[in-house]
Amino acid sequence: AITDAWIRVFGTLCVAFGTYYWGTAFGDWHGMGASAFYVSTVVGRVFIFAVFCTMVATGRCREPALLLLGLVNFVGALFMMHALNQD
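As the structure is a computational prediction, the values presented were derived from the model and not from experiment. (Residues numbered from 1 in each chain as written. Predicted model: local features only at pLDDT ≥ 70, side-chain atom pairs only at ≥ 80, totals over all residues. Heavy atoms only, no water.)

Draft legend 1. Expanded view of the packing of aromatic side chains. What the rule picks out here adds up to six aromatic pairs. Centroid distance Phe37 to Tyr38: 5.7 Å. Interplanar angle 70°. Geometry classified as edge-to-face. Given a relative accessible area of 36%, Phe37 falls into the partly exposed group. Grouping aromatic residues by their ring pairs yields a cluster made of Phe17, Tyr20, Phe37 and Tyr38. (Phe/Tyr/Trp six-rings, centres within 6.5 Å; stacked < 30°, edge-to-face > 60°. Buried < 20%, exposed > 50% of the residue type's maximum accessible area, 1.4 Å probe, protein only.)

Draft legend 2. Local environment of the nonpolar core. Listed in full, the nine residues of the largest apolar core are Ala5, Val9, Ala16, Ile48, Val51, Phe52, Met55, Cys61 and Leu66. Secondary structure elements with two or more residues in this core: helix H1 (4-29) and helix H2 (35-58). Top element by residues in this core is H2. It accounts for four residues. With near-sequence residues (within four places) excluded, Phe52 lies in contact with Val9, Thr12, Leu13, Leu66, Leu67, Leu69 and Gly70. (Core = buried A, V, L, I, M, F, W, Y, C linked by side-chain atoms within 4.5 Å. Helix = DSSP H or I, 4+ residues; strand = E, 2+ residues; numbered from the N terminus. Contact = heavy atoms within 4.5 Å.)

Shown next as structure tokens:
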């Protein structure tokens with residue numbers, strides 16, 4: 001059965017993916033080109049990390065595996081930010 005917690009996880013991912021699209025369009029409008037997408041993924045991944053950690057800490061989702069998934073996204077955001085700063 002699908003629980004409330006997994007609906008929250010899905011909602012979090014939808015918001016993060018929407019951030020990618022919005023950030024890409026906004027950045028492209030300001031002349032950033034494709035790099036706007038990469039910057040958007042940093043914001044989205046940090047958001048995913050923060051929400052997943054909050055969900056587990058507050059008991060909204062009792063899946064500790066979300067912490068691992070959030071941590072993987074956070075590390076990915078750090079690597080992407082580092083790569084973007086190399087240019």
